[in-house]
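Each chain, written out:
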Amino acid sequence: MQPPASEPSQHPPESSAPGRLRLAPALSDRFDAPGSGSARKNGAMSQPNAAQDQTESPSSAAQDAATPQPQPSVGSLAAHRPHTVAGGDFDGKLTGIVADIDADPDDYEDDYAGQDGAELPQGRFLDRERSWLAFNERVLELAEDPNTPLLERANFLAIFASNLDEFFMVRVAGLKRRIATGVATRSASGLQPREVLELIWNRSRELMARHAACYQDEVAPSLADEGIHVVRWNELTDKEQSRLYTLFMQQIFPVLTPLAVDPAHPFPYISGLSLNLAVVVSNPVSGHRHFARVKVPPLLSRFLEASPQRYVPIEDVISAPRHLGELFPGMSIEEHHMFRVTRNEDLEVEEDDAENLLKALEKELMRRRFGPPVRLEVEETIDSEVLSLLVRELKISEAEVYPLPGPLDLTGLFSIAGLDRPELKYPKFVAGTHRDLAEVESASAPDVFAALRQHDVLLHHPYDSFSTSVQAFLEQAANDPDVLAIKQTLYRTSGDSPIVDALIDAAESGKQVLVLVEIKARFDEQANIKWARKLEEAGCHVVYGLVGLKTHCKLSLVVRQEGDALVRYSHVGTGNYHPKTARLYEDLGLLTANQEVGADLSDLFNRLSGYSRRETYRRLLVAPKSLRTGLVTRIEKEVQHHRAGRPAYVRIKVNSMVDEAVIDALYRASQAGVPVDVWVRGICAVRPGVAGLSENIRVRSVLGRFLEHSRVFAFGNGGEPEVWIGSADMMHRNLDRRIEALVRVEDPAHRAALNRLLETGMSDTTASWHLGPDGNWTRHATDADGRPLRNVQEMLIDARRRRRGTATP
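Remember, predicted model here, so these are calculated numbers, not experimental data.

1. As for helix H5 (residues 193-225)
In an α-helix there are 3.6 residues to a turn, and that puts residues three or four apart on one side. For H5, which comprises 33 residues, the first-to-last C-alpha distance of 46 Å matches the rise-based estimate of 48 Å (1.5 Å per residue) to within 8%. Along H5, the helix axis deviates most sharply at Tyr 215, where the bend reaches about 35 degrees. At the C-terminal side of H5, Gly 227 shows a positive phi close to 85 degrees.

Structure (structure tokens):
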């Protein structure tokens, strides 16, 4: 099935063409309903989405993604909804590489209009959408790799599916919206918007086919070999089917609502990412055929345990002949098919016009679930006439239909990956207390303030424990009677956050507590609204940042009375204050008592909470004013150092590298002979290895059990290395539409450690993916003799174990 050559219309064509999905005549011509055929055609069915499913009012539909999942019932595995991970009740199952909620695709980028790049060649930027799909392909390659532990392969399959869901909900939806409103322009890569959309359709179709094949042909059989069986209904024994019938009648049937489609019952609203059954039934007396939809309730477990270590998708249980008979008594079940819709779920809040941002965002959240559809997944065995009905009523184009082998929605594999089979997972690793904190550790917990009075502490999570460092820092501050004030940014945090609890304890004990809660953090808005209100009720001063800007910087400031002086203690990090993801995300943080950093944080917090026009800082680079220019200036200085014969290099580690001004600065440095290394986890628009442009640029990507999330910027600086860490990726939204902060690392030992990390990640002896000038990524996992290359994450784990005397021989 090929995408159409023209812009997708709201009404797909009825005629067939070579290579296209042929749409059969409307089902209304075959399915009978009360009243005449003309009434059926001209009734509510001809007004798609005109009315809502009686069981899905705007309020209930808006809560689909936000409602926490229940604990597993007897005989079931708890479902895992991927898009509440970062801010909801995180269960620790999501390991490795996700689409990084922080680095989720932002609004469709505007054209690059930088005149500074006029002398550089056209076509120097890779397409960011293609690069994102290539990133998710790397995730898929981990699932396809037989050397990846089996349950981790299942986990990577679930991550791939979750990533792609978000990509369609935000990136594809944003592109379609801009095309529809006529504001979409040629991308920095030179592609027209329609070309980008067709590229996405073609490439995502290929990847989804590979994804399904990996599950069907490799992972599912391997799971079965290990005694973990994910089976379909007809593979169950009679005893298992009987047990599941009892479970169906007791726990599933009472919450199902079959919805007929006829003049009295309009086509129901199909909520985004929900699993649905399209059912065709007939009246045995009249012979009339009818269409109905049954939604698989999202709060029920995705896989049910038929017997020990044997699981069946819940949709198979609902669609079993006997069970459908309970839903449609007296009718003949002719056929049923699974389908799933992805919708535009981004938010649009006009802050300048919003009298109260909190209320405006809550209202917009109610509308999120009712965005237009951007993808329709169907089982490949679906009847053509049923598909025709869905396509027409959902107003979706042929190119947006994805026929796949069942089961659909493999995000459900998060549940399987969470099974207690440690021999099928990465070896367990428990982070220890950072050695600089352990040196002053008391019988109960580290004395963080005492440690910071001696020296700065550079943290590297998850190898260094978050709970005995950053969390301990804030908890100690909350309980210390000499602490007068705590100032904190919160972008995302967990459902049972000890960070929030510490801030509440501090406020209740009379300390001044300022918390900047970013309630516009994508897919975490509902959770952050909850925390904002909870903090306000406890007496914290809660602010929401600056109008028109998201606050993404990761900052903590503690003011403590020490004798006659006020001493400021600070934390600047690259990751969220999220204790659970801190065990899975690779991040850096600087704990310091340096008074310059403390003064900078004081100034920045004053800007965020009050009225301040400060744009320059002592040891910080802050977006949107100084961060891009600060980095570009330092890249340009490396050119000067190189020409003068002094040591010069640029080393960058980020999640995303697409900002054209920064990339052009890197191109110029490369042209001057400066070696440039870019370690990027996700999307990258740099085209390395092009003669005369970027032959001195190398781009690498590392994916593994932990999500590489830190941002580091290192410069040779003529022999006096300069290193920065912080929250910013090299993207328009980070540099122009967010408050981001980088801090300069001063301790020579810390700078050397960060440079060693960057060198290790970029080394040819380290397992990684290499980006070529054509935009293709090549995996390098073994050397010329077939021996595995070093895994940077395993090297760091082993280094921590050696410190504690628990390293593997």
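Additional details are given in the paragraphs that follow.
2. Focus on the pattern of salt bridges
Evaluation of the coordinates by the stated rule reveals 45 salt bridges. Residues Arg 210 and Glu 144 are paired through a salt bridge, measuring 2.8 Å at the closest nitrogen-oxygen approach. Of this pair, Arg 210 sits in helix H5 while Glu 144 sits in helix H3 (residues 128-144), placing them 66 residues apart in sequence. In this structure Glu 144 comes out as partly exposed when scored by relative accessible area, which is 21%. The salt bridge partner of Glu 334 is Arg 289, with a shortest N-O separation of 1.9 Å. Here Arg 289 lies in strand S5 (residues 289-295) and Glu 334 lies in strand S8 (residues 332-343), a separation of 45 residues in the sequence. According to the relative accessible area criterion, Arg 289 is buried, its value standing at 13%. Salt bridges here are not isolated pairs; linked through shared partners, they connect Glu 137, Glu 144, Arg 203, Glu 206 and Arg 210.

3. Remarks on the sheet that holds strand S4 (residues 275-282)
One key point about sheets: their strands pair by backbone hydrogen bonds, in either a parallel or an antiparallel sense. Spatially, S3-S5-S4-S8-S9-S10 is the arrangement adopted by the six strands of the open sheet, whose pairing is mixed. Looking along the sheet, the strands with just one partner apiece sit at the ends: strand S3 (258-261) and strand S10 (401-404). Put simply, the sheet's adjacent strands are angled 30 degrees from each other on average, direction ignored. Taken together, the eight bridges between S4 and S8 define a ladder with antiparallel strand orientation. Opposite Leu 275, over in S8, you have Arg 340 as the bridge partner. Together, strand S9 (373-379) and S10 form the strand contacts of H5, whose direction differs from that of S10 by roughly 15 degrees.

4. Quick word on the packing of helix H18 (residues 627-643) against helix H19 (residues 660-671)
Orientation of H18 relative to H19, taken along the N-to-C sense of each, is 5 degrees, at an axis distance of 9 Å. In this view, H18 runs roughly parallel relative to H19, as classed from their interaxial angle. Along the contact surface, H18 presents Arg 628, Val 632, Ile 635 and Val 639, while H19 presents Ala 661, Val 662, Ala 665, Leu 666, Arg 668 and Ala 669. A per-class count over the contact of H18 with H19 returns eight nonpolar, no polar and two charged.

5. Details of the confidence of the model for the protein
With 78% of its residues at a pLDDT of 70 or more, the protein has an overall mean of 83. Within the model, the stretch residues 99-108 combines pLDDT values under 50 with 58 contacts to residues more than four positions away or in other chains. Predicted confidence for residues 347-355 stays below pLDDT 50, and this span has 19 contacts to residues more than four positions away or in other chains.

6. Brief notes about unusual backbone geometry
The amide bond that connects Gly 406 to the next residue, Pro 407, takes the cis arrangement and shows omega of -5 degrees. Among the secondary structure elements, Pro 407 is positioned in the loop between S10 and helix H11 (413-417). Pro 462 follows His 461 through a cis peptide bond whose omega is 0 degrees. Even without being a glycine, Gln 309 presents a positive backbone phi close to 65 degrees. Position of Gln 309 among the secondary structure elements: in the loop between strand S6 (303-307) and strand S7 (310-313). When its relative accessible area of 25% is taken as the criterion, Gln 309 is described as partly exposed.

7. What to know about the environment of Asp 145
Note on placement: Asp 145 falls in the loop between H3 and helix H4 (150-181). A C-alpha to C-alpha distance of 9.8 Å links Asp 145 and Glu 218, two positions 73 residues apart in sequence. Setting aside chain neighbours within four positions, we find Asp 145 in contact with Arg 153 and Arg 779.

8. Overview of the packing of aromatic side chains
Throughout the structure, instances matching the rule amount to eleven aromatic pairs. Judged by centre distance (6.5 Å) and plane angle (35 degrees), the rings of Phe 125 and Tyr 667 are tilted. With Phe 125 in the loop between strand S1 (76-77) and H3 and Tyr 667 in helix H19, the pair connects residues that are 542 residues apart, well separated along the chain. The same class applies to Phe 125 as to Tyr 667, namely buried. Taken together, a centroid distance of 6.0 Å and an interplanar angle of 85 degrees make the contact between Phe 449 and Phe 473 edge-to-face. Taken together, the residues Phe 449 in helix H13 (residues 448-454) and Phe 473 in helix H14 (residues 470-479) connect sequence positions 24 residues apart. The same class applies to Phe 449 as to Phe 473, namely buried. The ring of Phe 168 carries the charged tip of Arg 375 above its face, separated from the ring centre by 4.6 Å. The lysine or arginine in question, Lys 653, covers the ring of Trp 679, its NZ or CZ lying 4.8 Å from the ring centre.

9. Looking at the nonpolar core
Among soluble globular proteins, nonpolar side chains are generally buried collectively. Counting 122 residues, the largest nonpolar core has Ile 318, Ile 416, Met 657 and Met 730 as its most contacted members. Per element, the largest residue contribution to this core is 15 residues, and it comes from H4. Ignoring sequence-local partners within four residues, the contact set of Ile 318 consists of Phe 248, Ile 252, Leu 256, Leu 277, Val 294, Val 296, Pro 297, His 323, Leu 324 and Leu 327. Among the nonpolar cores identified, the runner-up in size contains 42 residues, and Leu 516, Cys 553, Tyr 617 and Val 745 belong to it.

10. Observations concerning the pairing of S4
Most of S4 is tucked away: eight of the eight residues are buried. Neither face of S4 is exposed, since Leu 275, Leu 277, Val 279 and Val 281 on one face and Asn 276, Ala 278, Val 280 and Ser 282 on the opposite face are all buried. Pairing of S4 with S5, which is carried by seven bridges, proceeds in the antiparallel orientation. Looking at the pairing, Ser 282 lines up with Arg 289 of S5. Connecting S4 to the antiparallel partner S5 that follows it, the hairpin turn spans six residues, and Gly 287 within it adopts a positive phi of roughly 80 degrees.

11. Regarding the packing of H3 against H4
In the contact formed by H3 and H4, the axes pass within 7 Å of each other and the chain directions differ by 165 degrees. As summarised for this structure, H3 and H4 are arranged roughly antiparallel, according to the angle between their axes. In the packing of H3 onto H4, the handedness of the crossing is left-handed. Where H3 approaches H4, its residues Arg 128, Glu 129, Trp 132, Leu 133, Phe 135, Asn 136, Val 139, Leu 140, Leu 142, Ala 143 and Glu 144 are matched on the opposing element by Arg 153, Phe 156, Leu 157, Ile 159, Phe 160, Asn 163, Leu 164, Phe 167 and Arg 171. When its residues are assigned to classes, the contact of H3 with H4 shows 13 nonpolar, two polar and five charged.

Cut-offs and rules
- Every chain is numbered on its own, with residues counted from 1 as its sequence reads.
- In keeping with the predicted nature of the model, local features appear solely for residues at pLDDT of at least 70, side-chain atom pairs appear and are counted solely at 80 or more, and the whole-chain, interface and lining totals rest on all residues.
- For side-chain calculations, the full set of non-hydrogen atoms in the structure is used, while hydrogens and water are omitted.
- Where helices and strands are cited, they refer to DSSP runs of H or I of at least four residues and of E of at least two residues respectively, numbered from the N terminus.
- One fewer than the residue count of a helix, multiplied by 1.5 Å, yields its expected span.
- One axis fitted to the seven residues ending at a residue, another fitted to the seven starting there: the angle between these axes is the bend at that residue.
- Salt bridges are defined as contacts in which a side-chain nitrogen from Lys or Arg sits within 4 Å of a carboxyl oxygen from Asp or Glu.
- Working definition: with a 1.4 Å probe on protein chains only, accessible area under 20% of the residue-type maximum means buried, over 50% means exposed, and in between means partly exposed.
- Two strands make a pair as long as DSSP finds a minimum of two bridges between them.
- Each axis is a line fitted through C-alpha atoms, taken for helices only over the stretch in contact, and angles between the N-to-C directions span 0 to 180 degrees.
- By definition in these notes, contact holds between two residues if any of their heavy atoms fall within 4.5 Å.
- When describing relative orientation, an angle under 35 degrees is termed roughly parallel and one over 145 degrees roughly antiparallel, while 65 to 115 degrees is termed roughly perpendicular and anything else oblique.
- Residues are sorted three ways: Asp, Glu, Lys and Arg are charged, Ala, Val, Leu, Ile, Met, Phe, Trp, Tyr, Cys and Pro are nonpolar, and all the rest, Gly among them, are polar.
- One confidence number per residue, pLDDT, is output by the predictor and ranges from 0 to 100.
- Under the pairing criterion, centres of Phe, Tyr and Trp rings, with the six-membered ring standing for Trp, must be within 6.5 Å; the plane angle then separates stacked pairs below 30 degrees from edge-to-face pairs above 60, leaving the rest tilted.
- We count a charge as sitting over a ring when the NZ of a lysine or the CZ of an arginine lies within 6 Å of the ring centre and within 35 degrees of the ring normal.
- We call a set of buried Ala, Val, Leu, Ile, Met, Phe, Trp, Tyr and Cys residues a nonpolar core when their side-chain atoms join them within 4.5 Å.
- Definitions for this section: a left-handed crossing has its near helix turned counterclockwise from the far helix by less than a right angle. A right-handed crossing has that turn clockwise.

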